[in-house]
Amino acid sequence: MSTAARYHITIFGAVQGVGFRPFVYRLARQFGLNGWVSNHSGGVIIEIEGEKEILDRFLRSLPEERPAISSIQSMEVTELDPSGYPDFVIRGSDHSGNTTAIIMPDLAMCPDCLREMLDPTNRRYRYPFTNCTNCGPRWSIIRSIPYDRQNTSMHGFTMCPDCQREYDDPADRRFHAQPNACPVCGPSLTLTDSRGTFLARGNDALVQTARALSDGKIVAVKGIGGYHLMTDPFNDVSVRLLRERKRREEKPFAVMMPNIETAAQYCDMSAKESDALRGTAAPIVLVRKKGRPVPAIGFSPSIAPGNPFLGIMLPYAPVHHLLMKELPQPLIATSGNLTDEPICIDDADALRRLGGIADLLLMHDRPILRHADDSIVRIIAGRESVLRRGRGLAPLPVMLEQAPDRTILAVGAHLKNTVAVNAGAAVFVSQHIGDLETEQSFQAFKESVNGLQHLYNLVPDVIAADAHPDYLSGKFAQSLLQPTQIVHHHAAHIFSCMAENRVSGELLGVAWDGTGFGDDGTIWGGEFFSWDGEEMQRIATFRPFPLPGGAAAVKEPRRTALGLLYEMTNGTLHDCGDLPPVKQFLPQQVETLRRMLLNGLNSPRTSSAGRLFDAVSSLIGLRHVMAYEGQAALELESLADMNADGPYPFTIGVLPSDPSVAQVDWEPMIRSVIDDVRSNTPPSVIAGRFHRTMAEIIVAVAERMGRTTVLLSGGCFQNAMLTERTILRLNEEGFVPYWHQRIPPNDGGISLGQLYGTVLCGNRRQNERFVIHHES
């Protein structure tokens, strides 16, 4: 016979801002149970009582029937004596306790809200701030936890009676939807010129914006996580003008498609790419352009010059949908900023920073509290791989297997910066902050650091940072009062992949990227590490080579190629005059660079795999000078014919400066590339063979080291061709590969790796080469 009981249930996870309390209310009523549900600083608390058998059925139903956009990370249940609750109610939020709730990211507009917004009989017809518990802003409007209206940027908008009625009705889709609003009581649009002069409001502002875009104007449009710069992708004059004003020479622009059918007219999309586009995160997805688009008129070649891929997205904010109803065509939608600056979120700031770029600004009066660039996703090996983590994905946490015994703040890298902090086992990685190259970016970095700590009410015990002495993030860490934990750049890449994939035990980690500070004073970037469960060791690397001009070589693959040729010819550059990178320079320039290399002037040595991609791009005459980071490698991947002959030769010996480390010698491969260039082998074949060779190098090192588990991390593994070929070959040879999916493989994942490396190694003070403790 069943007996009466009361359960106290504490749920941690993505359960605030997703309709979870209304779901619990309806489920309790369905089972005839009494009690209450409330938000609290750690998630949701339920007290519920009734017959124990029915309570257990209620418990099983919670995870099985929860809202689709919620997630339950943990659920703690304590059985208590019955209290005699008369009914079931939703209580006000409890502000006590540790702040560990998982805040949902901003979500794309749901079909129900879109249908209402386009219905002429609905009171929200053409209202560009329509939302419900299943969609709309979350992360970008929250000021503090719990996620209640008074703790968001909507606190200044008092709901009208109709909106309040929806908000209070448990059966309504907008029950406790914190951004709930309508044309009577909510935010509104305003259109101004570039000097801030008022032009129109509300629907008139939308209509005039669409007309301006149709006329080839550039318009700054305020969305959910910041401003976009939008213009007509068919108008080459407008696209080139946008490049000139934004100071963005060749880096591709993203294109917003009105719907998936239009996207299919311009791009070849797989089912997984289509699914990613239509997901609640609504990211930018990298897809291949059609060779011959279905429409008679194609996009301006200035959108993504020399690039067979296009970053596309679907409308995700109500204002996007309405613009595209007025102007049913694709539109460029690039981040609202100057190059190397953070995206604009404030209207006054937008007028100052975007007034020289945009002809018009479409603003609204709902404040954005946190910037959130569009996330970028690419399908690699059949899975979504996040290349930039922003709107729609941040700040969902990575859950560690065990909660660390302290709070750690990780300040990330210099490029593609993110920051991370843990609240127990939940590691919250910030949205993409960007390259810390400008004062505005550094300010955004500091705001993100402070914002994460404030939101989750955390005071870190230790700060984790990169070893590079000149990184602004590292200098910031050293300025704080807490002790600093130094986690070397490439070790952090491996720790990041370990944390995301929950991998432990013995493994081989492959960290390939463009640049990272090595502990021997050189620039690393082609590293292999072993992890034995306690210690990280560098066990293999590429043969180092010089970079003439240092930072200049990072932007000029021709210089990197010249460094390889110098190394191969013992400093003579003999018989190299016919090669494409050498022909890029005048004879006297070649001699100046040779002498620079000979004397070691501004010619740091590197083991970077990323620079090898650059050098090969120049050697085959593809790209000698880059307009943006990674351009040479992307074009090399795009060109590659993976059906070409087998890999080029390479050898593995020992590093002369440290015989305990194996050295992969690239010279046999580069000599073979040069032979193919001189024999007029098609560049696509050379590019394909080079990619196959780089994959074989990983397999060869894995076989040499004898570790079954292999982790792939670093910016080079944004390259789908390299990653997929490596995964294929590792699987064929009996290895178990892991790679990034929800955390970027590039430096956007460094903060997670710094934090996890501190968790794993931070309590040890000896024999730690790559995780070093410094007292404040």
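Heads up: the structure comes first, above all this text.
These numbers were taken from a predicted model, which means no experiment stands behind them. (Residues numbered from 1 in each chain as written. Predicted model: local features only at pLDDT ≥ 70, side-chain atom pairs only at ≥ 80, totals over all residues. Heavy atoms only, no water.)

Re the overall build of the protein
Part 1 of the reasoning: Looking only at helices and strands, the protein features 23 helices and 33 strands.
Part 2 of the reasoning: Whereas a compact globule of 776 residues would reach a radius of gyration of roughly 28 Å, the protein reaches 28 Å, a difference of no more than 12%.
Part 3 of the reasoning: Counting only residues that meet the buried cut, the protein has 63% of its 776 residues in that class.
Part 4 of the reasoning: The contacts of the protein with a sequence gap of at least 6 include a subset with a gap of at least 24, amounting to 72%.
Part 5 of the reasoning: Accessible surface, the protein: about 28700 Å² in total, of which carbon and sulfur atoms supply 48%.
Part 6 of the reasoning: Between the mean site of the 75 positive side-chain charges and the mean site of the 87 negative ones, the protein shows a separation of 4 Å. (Helix = DSSP H or I, 4+ residues; strand = E, 2+ residues; numbered from the N terminus. Rg over C-alpha atoms; globule rule 2.2 N^0.38 Å. Buried < 20%, exposed > 50% of the residue type's maximum accessible area, 1.4 Å probe, protein only. Contact = heavy atoms within 4.5 Å. Areas by Shrake-Rupley, 256 points an atom, 1.4 Å probe, with all protein chains shown as cover. Lys, Arg positive; Asp, Glu negative; His and termini not counted. Charge placed at Lys NZ, Arg CZ, Asp CG, Glu CD.)

Examining the pattern of salt bridges
Part 1 of the reasoning: Under the defined criterion, the tally for this structure stands at 44 salt bridges.
Part 2 of the reasoning: Notably, a salt bridge pairs arginine 115 with aspartate 112, separated by 2.8 Å at the nearest N-O pair. One end of the pair, arginine 115, and the other, aspartate 112, are both in helix α3 (residues 111–117), 3 residues apart, so they sit about a helical turn from each other.
Part 3 of the reasoning: With a relative accessible area of 53%, arginine 115 lands in the exposed category.
Part 4 of the reasoning: Among the ionic pairs, lysine 290 bridges to aspartate 268, the shortest N-O distance being 3.1 Å. Taken together, the residues lysine 290 in the loop between β12 (284–289) and β13 (309–313) and aspartate 268 in strand β11 (residues 267–268) connect sequence positions 22 residues apart.
Part 5 of the reasoning: Using a relative accessible area of 41% as the deciding quantity, one classes aspartate 268 as partly exposed.
Part 6 of the reasoning: Taken together, the shared-partner salt bridges connect Arg543, Glu567, Arg605, Asp665, Glu667 and Arg671 into one network. (Salt bridge = Lys/Arg side-chain N within 4 Å of Asp/Glu carboxyl O.)

Examining the side chain of serine 430
Part 1 of the reasoning: Tracing the backbone through its elements, the reader meets serine 430 in the loop between β21 (426–429) and α11 (439–455).
Part 2 of the reasoning: Take serine 430: its relative accessible area is 1%, and that puts it in the buried class.
Part 3 of the reasoning: In contact with serine 430, not counting residues within four places along its chain, are Arg389, Ala394, Thr418, Val419 and Leu452.

Comments concerning the packing of helix α15 (residues 557–568) against helix α18 (residues 609–619)
Angle between the axes and distance between the axes are the two parameters that describe a pair of packed helices.
Part 1 of the reasoning: Contact pair α15 / α18: the axes reach a minimum separation of 8 Å and the direction vectors enclose 95 degrees. In terms of their interaxial angle, α15 and α18 are classed as roughly perpendicular. Facing α15, whose interface residues are Pro557, Arg558, Thr560, Ala561 and Leu564, α18 presents Arg611, Leu612, Asp614, Ala615, Ser618 and Leu619.
Part 2 of the reasoning: Partitioning the contact of α15 with α18 into residue classes produces 6 nonpolar, 2 polar and 3 charged. (Axes fitted to C-alpha atoms, helices over the stretch in contact; angles between N-to-C directions. Parallel < 35°, antiparallel > 145°, perpendicular 65-115°, else oblique. Nonpolar A, V, L, I, M, F, W, Y, C, P; charged D, E, K, R; others polar.)

A closer look at the environment of proline 137
Part 1 of the reasoning: Along the chain, proline 137 turns up in the loop between α3 and α4 (161–168).
Part 2 of the reasoning: Here proline 137 falls in the buried class, since its relative accessible area comes to 4%.
Part 3 of the reasoning: Once you skip the residues sitting within four places of it in the chain, proline 137 turns out to touch Asp106, Tyr147, Pro179, Ile224 and Arg366.

Things to note about the nonpolar core
Part 1 of the reasoning: Formed by 101 residues in total, the largest nonpolar core has its most connected members in Ile9, Val24, Ile46, Ile48, Phe58, Leu62 and Phe445.
Part 2 of the reasoning: Leaving out residues up to four positions away in the same chain, isoleucine 46 has contacts with Tyr7, His8, Ile9, Ile11, Val24, Trp36, Val37, Leu62 and Phe88.
Part 3 of the reasoning: If you look at the next biggest cluster of nonpolar residues, it comprises 62 residues, including Trp512, Phe542, Leu562 and Met694. (Core = buried A, V, L, I, M, F, W, Y, C linked by side-chain atoms within 4.5 Å.)

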